[in-house]
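An overview of the molecular structure
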Amino acid sequence: MTRLSNQIWARIVCLLLWTVIFMTAPVTCAGFAPQALALDYNKENLINQDFSGRDLTDSSFSHANLRYSNLSNTNLNGVSFFAANLESANLESADLTNATLDSARLSKANLTNAVLEGAFAANAKFDGAIIDGADFTDVLLRKDEQDKLCKVAKGTNPTTGRNTRDTLFCR
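Residues numbered from 1 in each chain as written. Predicted model: local features only at pLDDT ≥ 70, side-chain atom pairs only at ≥ 80, totals over all residues. Heavy atoms only, no water.

1. What about the side chain of E145?
The condition is simple: Working definition: helices are DSSP H or I runs of at least four residues, strands are E runs of at least two. Numbering for both runs from the N terminus. The buried label goes to any residue with under 20% of its type's maximum accessible area, the exposed label to any with over 50%, and the partly exposed label to all in between, with areas taken from a 1.4 Å probe on protein chains only. Two residues qualify as a contact provided that any one of their heavy atoms is within 4.5 Å of a heavy atom in the partner residue.
By the element assignment, E145 lies in helix α2 (residues 143-152). The buried category is assigned to E145, whose relative accessible area is 1%. The contact partners of E145, leaving out residues within four places of it in the chain, are A124, K125, F126 and D127.

Below, the structure written as structure tokens:
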């Protein structure tokens, strides 16, 4: 009975040891931090939701309703907002690098100091959007939307150091 008891205790200790190693490994292995999991919010009703400060890398919000939502200081790198409603959304200082904004509605959205580098925004609507300090480097835009944005473009992005008007190729 003692031998069986010792084997059981040895297995419990081993299991606990592996649990401790597994739980602390991402933190202790040369500063490695686990990647954020891509989330699927397609066709969701997310009006007035708070996503501020989160890492939503590669997530999808296609056809989602994000009116009045807070996405400020959020990592939205590679996120799909295809045909999403971002009317009056707060995207201040958001990282929208390589995001898909095709057919998205960004009317009255706050894009102050946002980085949209490499984003695909064909057919996106920016009517009344605040773009002070936003970086539109290599963003694919329709010419009429580009012209509208140039009328209100001003400021320099604090992250990239690029002038908003320059990134939009304003004359």
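The rest of the description comes next.
2. Notes on the state of the cysteines
For clarity, the threshold we go by: Two cysteine sulfurs form what is called a disulfide whenever their separation falls within 2.5 Å.
Across all of its chains, the model carries 1 disulfide by this definition. The disulfide that involves C150 links it to C170, with 2.1 Å between the sulfurs. Taking the sign of the S-S torsion, about -90° here, the bridge from C150 to C170 comes out left-handed. Of this pair, C150 sits in helix α2 while C170 is found in the segment after α3 (164-167), placing the two residues 20 residues apart along the sequence. The residues C150 and C170 share a single accessibility class, namely buried.

3. Comments concerning the pattern of salt bridges
Basically, it comes down to this: What makes a salt bridge here is a side-chain nitrogen of Lys or Arg within 4 Å of a carboxyl oxygen of Asp or Glu, nothing more.
For the structure shown, the criterion picks out 8 salt bridges. As a salt-bridge pair, D135 and R162 come within 2.8 Å of each other at their nearest N and O atoms. One end of the pair, D135, is in the loop between α1 (2-28) and α2; the other, R162, is in the loop between α2 and α3, with 27 residues separating them in the sequence. Classification of R162 as partly exposed rests on a relative accessible area of 31%. For D147, the salt bridge goes to K143, with nearest N and O atoms at 2.9 Å. Taken together, the positions of D147 and K143, both in helix α2 and 4 residues apart, correspond to about one turn of that helix.

4. Notes on the packing of aromatic side chains
The cut-off we apply is this: Note on aromatic pairs: the rings of Phe, Tyr and Trp (six-membered ring only in Trp) are paired at centre separations within 6.5 Å, and the planes decide the class, stacked below 30 degrees, edge-to-face beyond 60, tilted for the rest.
Counted by the stated rule, this structure contains 5 aromatic pairs. Plain terms: the ring middles of Y41 and F61 are 4.7 Å apart, the flat faces sit at 10° to each other, and that makes the pair stacked. Of this pair, Y41 sits in the loop between α1 and α2 while F61 sits in the loop between α1 and α2, and the two are 20 residues apart along the sequence. Taken as a pair, Y41 and F61 share a single burial class, namely buried. Taken together, a centroid distance of 5.2 Å and an interplanar angle of 20° make the contact between F61 and F81 stacked. Placement of F61 in the loop between α1 and α2 and of F81 in the loop between α1 and α2 is noted, with a sequence separation of 20 residues between them.

5. Remarks on the environment of S80
Formally: We call two N or O atoms a polar contact when they sit within 3.5 Å, provided that within protein one can donate a hydrogen and the other can accept it, with sequence-adjacent residues counted only if both atoms are side-chain atoms.
Along the chain, S80 falls in the loop between α1 and α2. For the pair S80 and N42, spaced 38 residues apart in the sequence, the C-alpha separation amounts to 9.1 Å. Not counting the four nearest positions on each side in its chain, S80 is found in contact with S59, S60, F61, S62 and T100. Looking at S80, its side chain comes within polar contact range of the side chain of S62, at 3.0 Å.

6. Considerations on the confidence of the model for the protein chain
Just so we agree on the cut-off: A score from 0 to 100, pLDDT tells how confident the predictor is in each residue.
On average, the protein chain scores 88 in pLDDT, and the residues at 70 or more come to 79%. The secondary-structure element of the protein chain with the lowest mean pLDDT is α1, recorded at 58, while α3 shows the highest, at 98. Between residues 24-35, whose pLDDT stays under 50, and residues either more than four places distant or in other chains, the model counts 5 contacts.

7. A word on α2
Selection criterion: Comment: arc refers to directions from the helix axis out to C-beta atoms.
Along α2, the residues that are buried comprise E145, Q146, L149 and C150. Within α2, the buried residues cover an arc of 140° as seen down the axis, which keeps them to one side. Looking at the buried positions of α2, the neighbouring elements they touch are α3.

8. Regarding the environment of S93
Tracing the backbone shows S93 in the loop between α1 and α2. Excluding its chain neighbours within four sequence positions, the residues that come into contact with S93 are N73, T74, T112, N113 and A114.

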